[in-house]
Amino acid sequence: MEKISVAVRFRPSTSDLLPSDRQWHLDDNRISLHRPLGTPNPTSSAPSFSFDHVFDHSTTNSSVHQVLTSPIILAAVDGFNGTVFAYGQTSSGKTYTMNGSGSDPGIIQLAVRDVFEMIQMVTEREFLIRVSYMEIYNEEINDLLVLGNQKLPIHESLERGVYVAGLREEIVNNTDQVLELIKLGETNRHFGETNMNARSSRSHTIFRMVIESSVKNTTSSSDVSDTDAIRVSVLNLVDLAGSERIAKTGAGGVRLKEGKHINKSLMVLGNVINKLSEGKQRAHIPYRDSKLTRILQPALGGNAKTSIICTVAPEEVHVEETKGTLQFASRAKRITNCAQVNEVLTDAALLRRQKLEIEELRKKLQGSHSEVLEQVILKQRNDMLKSEMERDKLATQLEEERKARETLENHIKEQQKKIENLNDLSFSSGQTQNLCQVDLGEISKHVFNENNGVHLDVFKTPNFKSMPNNFVMKRSVYSSAIESSPIPDSFDSIADEDMWLRLNKGLTTDLDTLDMTPFRNNQFLSQDASLEHTLEEASIEETSSQETDCCLHKQSLEASKEQCAKLENECKLLREQNASLVQTLSMSKENVELLTAEKEELLKNLNIEKQKLKDLKDEIRQFSLAFAQREGLLTSLYSKSKAMVENLKSCRAPIPEILEC
């Protein structure tokens, strides 16, 4: 944290009149207003001012530079931002202080020489210097180094801070090159004649030097450290236009408009100084109200070392303007800046560090044919990349083929399942037919035995369950001659055919009852014959039903075979479609390759056309620059010739010598 350095400089008096009623008295670094006999005025009407430095009319520009601006130049070379500007009323000597004359160079010329002298003294760092020259004329920013480059905008970024977009910057190597650029800018600057000054500045000018420095390249990587950070500092040398009073300058028309813009920008500068001098934290500072304060924002309460030279006129007629200038200087003296070294570790520094490491590794490999090994390694890497690409391509193709094969296998499995189901249906129909034939044979065997002529199991129940054969009692004595049994005593005790049926179902009785049963052999035989006939009819009906079922199974089998044939045809069609799709895919790949080749060729042609267009633009830009330089030379010649004509005209009548400002 440091205060702004403020100095006051009095120009020589140009008045040949008698001594005035009031005059300024300089006592070391204090300024006060006195009467002719040396008695000071009352404090209320003429206060006393104290500053860092006070220069009288006999002080030269080199002395002012040595005391005030030389420390800022040294700080700018070390990486600090610096700003020096002159403030005061018109015709008070601001332009003379900043630009000087042939015999007494101004602060700008002396600062440029000091920069290059200090750079030559610093041997461990290398520097890059860029300069630009601009003016603020009627609140519009113009580039003084390029004609036509006018009305430039102001931008702000985190990397560059506040800067003027489109401003031309020239890379310079020596003092003479910079001085030539300053002369070119002075010819393009706006000057005008007023009642107070024959050559009055009608615009604010800012000469800017951007100083970049970095550690010089070292051969060993051990010297590469954090010193690779690049220092970037900005040095602003500002010549402000003077404040004017219309009653004194007699301005009108264009000069009046210029004076209004000058007074407005200086008023905004004074407001900014007032706000900063009050020291109120978080207060609004009106930097954006004027382009001058916007550009000088880092120098006013920001990251910069700042010096202000306030030029005043000693005549009594300018006492009020001088008081205003001294009050401005007193307020500016209370402003505090926070200057620090601007260091940036750029990508170039990182690349340089990596480059040194690579060089060191190459030196280590020089003894073992490093170039051959590098070529072999590169070839192996290329082969590996090619093999990996081919492997990925084959893997994708195999994956596609595997998916297609899985779909086909699933489809074939479904068809096989359908065929197996149809075969099972045909096998079950044949088995049922065989079973029907076996059942009919067994039934015929059980129903009647022709060899023995005996009726067997006639009294079985319809469910054909096996029953014991000895559940009926046999007679002990059987007489074949008896044709009929005796008539029983009672009708209830006769064993009729219902009795036989009940006995067949498991009824138990005695032999006497059975003996009393009348002989009805013919009836039983007839009943047996009818039973056999019914059984035969039932078996025939069952066989016919089974035959119909077999016919139905055969029909379903034939239908399933037809469906299987259809599915096989569909499978063949799907295989053919798959083959056609594979063929179309290969053709599409070939078409894609052809299209990519055509696209690459078109891109090559487009790049060639772009390069031609770029070359043409470069030629046009060079031509325009040459044209602009020639036009600048012509305008400078015109201005010089006009100045010579004016000098010739002025030589006719003697004019008292006046200090230019």
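Only a predicted model underlies this, so the values are computations on that prediction, with no experimental measurement involved.

S.K.: Quick question: what am I supposed to make of empty space enclosed by the protein here?
M.R.: Once rolled over the atoms, a probe with the size of a water molecule shows which space is left empty. Evaluation of the coordinates by the stated rule reveals two cavities of 30 Å³ or more. There is about 40 Å³ of room inside the second largest cavity. Around the second largest cavity, the lining residues are Ile-136, Asn-138, Glu-139, Arg-202, Ser-203, His-204, Glu-258, His-261, Ile-262 and Ser-265. No other element matches the four residues that helix 6 (residues 254-278) contributes to the lining of the second largest cavity.

S.K.: Would you take a moment to explain the packing of aromatic side chains for this structure?
M.R.: Pairs of aromatic rings are described using the distance from one ring centre to the other and the angle between the two planes. Counted under the stated rule, the structure contains three aromatic pairs. Considering the side-chain rings of Phe-49 and Phe-51, the 6.3 Å spacing of their centres and the 15° angle between planes classify their relative orientation as stacked. Ring geometry for Tyr-87 and Phe-328: centres 3.8 Å apart, planes at 15°, overall stacked. Of this pair, Tyr-87 sits in strand 7 (residues 82-88) while Phe-328 sits in helix 8 (residues 319-332); the two residues are 241 residues apart in sequence, bridging distant segments of the chain. Its relative accessible area of 12% is what places Tyr-87 among the buried residues. Looking at Lys-305, its charged tip hangs above the ring of Phe-80, at a distance of 5.1 Å from the centre.

S.K.: In this structure, what is going on with the sheet that holds strand 3 (residues 23-27)? I would like to understand it.
M.R.: Whether parallel or antiparallel, the strands of a sheet pair through hydrogen bonds between backbone atoms. Taken in spatial order, the three strands make up an open sheet running 3-4-5, and their pairing is antiparallel. Each edge of the open sheet carries a strand with a single partner, namely strand 3 and strand 5 (49-50). Examined bridge by bridge, strand 4 (residues 30-34) and strand 5 share two bridges and lie antiparallel to one another. Bridging across to strand 5, Arg-30 finds its partner in Ser-50. Sitting on the sheet, helix 8 is in contact with strand 3, strand 4 and strand 5, with an inclination near 35° to strand 3.

S.K.: What is the right way to look at the pattern of salt bridges in this model?
M.R.: Two side chains of opposite charge can pair, provided their charged atoms sit close to one another. Under the counting rule described, the total for this entry stands at 14 salt bridges. Between Asp-52 and Lys-333 there is a salt bridge, with the nearest N and O atoms lying 4.0 Å from each other. Of the two residues, Asp-52 is situated in the loop between strand 5 and strand 6 (53-55) and Lys-333 in the loop between helix 8 and strand 18 (336-337); the sequence distance between them amounts to 281 residues. For Asp-52, a relative accessible area of 28% gives the class partly exposed. The network of salt bridges with shared partners includes Arg-130, Glu-169 and Glu-212.

S.K.: What is the right way to read the confidence of the model for the protein chain from this model?
M.R.: Interpreting fine coordinate detail is not advised for predicted regions of low pLDDT. Residue-level pLDDT values for the protein chain average 76, and 70% of them are 70 or greater. This model gives residues 443-461 a pLDDT under 50, and the stretch forms 17 contacts once residues within four places in sequence are excluded. Contacts from residues 655-661, a stretch scored under 50 in pLDDT, to residues over four places away or in other chains number 14 contacts.

S.K.: Help me understand the pairing of strand 7 in this model?
M.R.: Sheet faces and side chains relate simply in a regular strand, where the side chains alternate between the two faces. The buried count for strand 7 comes to seven of seven residues, which makes it a mostly enclosed element. Side chains Gly-82, Val-84, Ala-86 and Gly-88 project from strand 7 onto one buried face, and the interleaved Thr-83, Phe-85 and Tyr-87 project onto a second face that is buried too. Two strands pair when backbone bridges link them, and strand 7 and strand 16 (residues 230-239) are joined in this way by five bridges, in the parallel orientation. Paired with Gly-82 across the bridge in strand 16 is Leu-235. Across seven bridges, the pairing between strand 7 and strand 17 (residues 305-312) is parallel. Paired with Gly-88 across the bridge in strand 17 is Thr-311.

Here is what the cut-offs are and how they apply
Residues numbered from 1 in each chain as written. Predicted model: local features only at pLDDT ≥ 70, side-chain atom pairs only at ≥ 80, totals over all residues. Heavy atoms only, no water. 1 Å grid on protein atoms, 1.4 Å probe; cavity = no way out; pocket = protein on both sides within 12 Å on 5 of 7 lines; lining within 4 Å. Points joined across faces, edges and corners; volume = space filled by probe spheres on them. Helix = DSSP H or I, 4+ residues; strand = E, 2+ residues; numbered from the N terminus. Phe/Tyr/Trp six-rings, centres within 6.5 Å; stacked < 30°, edge-to-face > 60°. Buried < 20%, exposed > 50% of the residue type's maximum accessible area, 1.4 Å probe, protein only. Lys NZ or Arg CZ within 6 Å of the ring centre and 35° of its normal. Pairing = 2+ DSSP bridges. Contact = heavy atoms within 4.5 Å. Axes fitted to C-alpha atoms, helices over the stretch in contact; angles between N-to-C directions. Salt bridge = Lys/Arg side-chain N within 4 Å of Asp/Glu carboxyl O. pLDDT = per-residue confidence, 0-100.

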